[in-house]
Amino acid sequence: MHKLTRATLAFNGLGRCLVAENHVSALKIHSRGFVCAQHVDDSSKNEVYDIIISGGGMVGSAMACSLGMDRNLEGKKILLLEAGNKKVMHKVPDTYSTRVSSISPGSATLLTGVGAWEHITKMRCKPYKRMQVWDACSDVLITFDKEDMQDEMAHIVENDVVVAALTKQLDNLPENVQVKYRSEVVKYSWPMPHQPAHAIPWVKVMLASGESVETKLLIGADGPNSMVRQELGIPTVKWNYDQSAVVAVLHLSEPTENNVAWQRFLPSGPIAMLPLSDTESSLVWSTSHQQAQELLELDEERFVDAINSAFWSNENQSEFIETAGSLFRSTLSAIMPSAGSPRQLPPSVAGIGPKSRVKFPLGIGHASEYIRHRVALIGDAAHRVHPLAGQGANLGFGDVACLTRILSQAAFDGKDLGAMQHLLEYETERQRHNLPMMAAIDLMKHLYSTNAAPVVLLRTFGLQATNMVPALKEQIMAFASK
């Protein structure tokens, strides 16, 4: 992969977004489509699909459901390829999974539209009505909620539950949508924008079983190490954060309404506690690789003490920062006496779920192109973000909603689904949304990864000012909810 600077990430993405959808030159479209083609005419032996989706995780399965339920795509042959087994959940497990997602209202709307949200609510999910974020170096906070906590901000859902709900819905789709489980892809062959008479006009997908299929449009939903993206040679801007996330299921000291998502920024990285039920929460603790390993090696009692200390300790605060912050807060209160929000105290942790402690490395990545001739990337195949804002799954579901709408319109207009003209609409629209979100998350990560007094003072004033302006907080929530 290409090792590029962070400035390159913004330059490449935003520069690409400035291309107007309706004024793309033929030269640009042609140059974007050039990849090595296989000049072997054996297409008569292979079944041809209108759309093949490679990867049956949350985003890939949602893509298959969304396309399969679109009226304008009725009769189009759609195939979902998943290398793993079919994920069926007849009964929710007694214990919670450590891999969870914060499902925004926009994502919930998509899942409702494809019929999966009803299955999710019958299985297991937990809404939260407020998010409280505060700084360990100054104790200044910001809260987000809707209409004085009358409406849900988002839902915490286990990834396995989302996949199981989508799998159940896939079984109810019309016959034109097929799913092949345990179907590992071993090779792709790419068509050229202008085909010689003897060349294959479609994308050819070769499976480990020896079977080959072809498609007019391939959608890569095969994760951050996307084989589709790599074989196309699409450059990826990426870097590691030199951090790991420690995740675990937490048992609270006592039952509570537990409708608040808590996040505290420590100098070593953010720690978050997300509600799972009235008595359990999910931990996501981003820290250095060394401390992450140390946390895994602690016995349960010392691990629980470390969590409570991370949420409650004032050891990183200084009198100077506290005094300056208090003066600034008093000034803001005099100007806007009714603004701001009360502080809540997080619940204390009493224990952890058995064998629930795991860690994984953190980083950021962004494909410089989301599309090629007859190919589109969605979800983590196109972008990967830090978990501090809980936006990874939501960005992927946003890709699904956008691509479905564009392909639906293309089918209605009788256009070729794999043509670059309308695929460029998808890329431009999603990069305009994803890049600012990724840049903001990356900025927050670096801004809160230091305890240097000038930086702490700057973010203290900034966070307090933002917390006092409800209209600004509503705009932030609206953008994150898409």
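Residues numbered from 1 in each chain as written. Predicted model: local features only at pLDDT ≥ 70, side-chain atom pairs only at ≥ 80, totals over all residues. Heavy atoms only, no water.

**Student:** Looking at this model, I keep getting lost on the overall build of the chain. Mind explaining?
**Tutor:** Along the backbone of the chain there are 14 helices and 22 strands. The buried share among the 482 residues of the chain stands at 53%. Considering only contacts within the chain whose residues lie at least 6 apart along the sequence, 79% involve residues at least 24 apart. Of the roughly 21100 Å² that the chain leaves accessible, carbon and sulfur atoms contribute 53%. (Helix = DSSP H or I, 4+ residues; strand = E, 2+ residues; numbered from the N terminus. Buried < 20%, exposed > 50% of the residue type's maximum accessible area, 1.4 Å probe, protein only. Contact = heavy atoms within 4.5 Å. Areas by Shrake-Rupley, 256 points an atom, 1.4 Å probe, with all protein chains shown as cover.)

**Student:** Quick question: what am I supposed to make of helix α6 (residues 159-170) here?
**Tutor:** One turn of an α-helix holds 3.6 residues; hence residues three or four places apart share an orientation. Its 12 residues give α6 an end-to-end C-alpha distance of 16 Å, which sits within 8% of 16 Å, the value for a rise of 1.5 Å per residue. Most of α6 sits out of view: 10 of its 12 residues are buried. (Expected span 1.5 Å × (residues − 1).)

**Student:** Whenever I open this one, helix α9 (residues 300-312) confuses me. Can you help?
**Tutor:** The end-to-end C-alpha separation of α9 is 18 Å, in line with the 18 Å expected for 13 residues at 1.5 Å each. Taken together, the buried positions of α9 are F303, V304, I307, N308, A310 and F311. Projected down its long axis, α9 carries its buried residues within an arc of 160°, all on one side. Looking at α9, the residues exposed on the side facing more than 90 degrees away from the buried face are E301 and R302. (Arc of directions from axis to C-beta.)

**Student:** Would you mind showing me how to read the packing of aromatic side chains here?
**Tutor:** Each aromatic ring pair is specified by the distance between its two centres and by the angle formed by the two planes. Applying the stated rule across the entire model yields 4 aromatic pairs. Here the aromatic rings of Y370 and Y426 are separated by 6.2 Å at their centres, their planes lie at 45°, and the arrangement is tilted. One end of the pair, Y370, is in the loop between β19 (358-367) and β20 (371-372); the other, Y426, is in helix α12 (residues 420-447), and 56 residues separate them in sequence. In terms of burial, Y370 and Y426 fall into one category: buried. Pairwise contacts between aromatic rings join W134, W262 and F311 into one cluster. Across from the ring centre of F360, 4.6 Å away, lies the NZ or CZ of R99, which sits over that ring. Its guanidinium or amino end placed over the ring of Y96, R124 lies 4.0 Å from that ring's centre, counting from NZ or CZ. (Phe/Tyr/Trp six-rings, centres within 6.5 Å; stacked < 30°, edge-to-face > 60°. Lys NZ or Arg CZ within 6 Å of the ring centre and 35° of its normal.)

**Student:** What is the right way to look at the pairing of β19 in this model?
**Tutor:** Residues in a regular strand project their side chains so that they alternate between the two faces of the sheet. Relative to β19, strand β14 (residues 236-252) is paired through 9 bridges, and the arrangement is antiparallel. Each bridged residue has a counterpart across the sheet, and for T236 the counterpart in β19 is A367. As judged from the 2 bridges shared by β19 and strand β22 (residues 383-384), these two strands associate in the antiparallel manner. When the bridges of β22 are listed, G365 appears paired with R384. (Pairing = 2+ DSSP bridges.)

**Student:** What's the story with the sheet that holds β20 in this structure? I'm lost.
**Tutor:** Hydrogen bonds between backbone atoms are what pair the strands of a sheet, whose relative direction is either parallel or antiparallel. Strand order in the open sheet formed by 6 strands is β9-β3-β2-β13-β21-β20, with mixed pairing between adjacent strands. Across the chains shown, the open sheet's two edge strands, defined by having one partner strand only, are β9 (177-180) and β20. Inspection of the sheet shows strand β2 (residues 51-54) paired to strand β3 (residues 78-81) by 4 bridges, in the parallel sense. Within β3, the position partnered with S54 by the bridge is L81.

**Student:** Before we go on, may I ask you to explain the nonpolar core in this structure?
**Tutor:** The tendency in soluble globular proteins is for nonpolar side chains to be buried as a group. By size, the foremost hydrophobic cluster in this structure holds 73 residues, and its most contacted members are I53, V205 and I219. With 9 residues, helix α11 (residues 392-412) is the single largest residue contributor to this core. The contact partners of I219, leaving out residues within four places of it in the chain, are I51, I52, I53, S54, M63, L67, A376, I378, L403 and L407. (Core = buried A, V, L, I, M, F, W, Y, C linked by side-chain atoms within 4.5 Å.)

**Student:** Hey, could you run me through the sheet that holds strand β8 (residues 154-158) in this one?
**Tutor:** One open sheet holds the 3 strands; their spatial order is β4-β8-β5, and the pairing between them is antiparallel. Looking at the sheet topology across the chains shown, the edges are occupied by β4 (100-103) and β5 (126-128). Adjacent strand axes in the sheet meet at a mean angle of 25° when their direction is disregarded. Both β4 and β8 contribute to a ladder of 4 bridges, which runs antiparallel. Bridge pairing in β8 links S101 to V157. (Axes fitted to C-alpha atoms, helices over the stretch in contact; angles between N-to-C directions.)

**Student:** For this particular structure, what's the right way to read unusual backbone geometry?
**Tutor:** Working note: non-glycine residues mostly have negative phi, and peptide bonds are mostly trans. Backbone geometry at R182 places phi at a positive 55°, although glycine is not the residue there. Relative to the assigned elements, R182 resides in the loop between β9 and β10 (185-189). One non-glycine residue, D242, adopts positive backbone phi at about 55°. You can see D242 is positioned in strand β14. In this structure D242 comes out as exposed when scored by relative accessible area, which is 56%.

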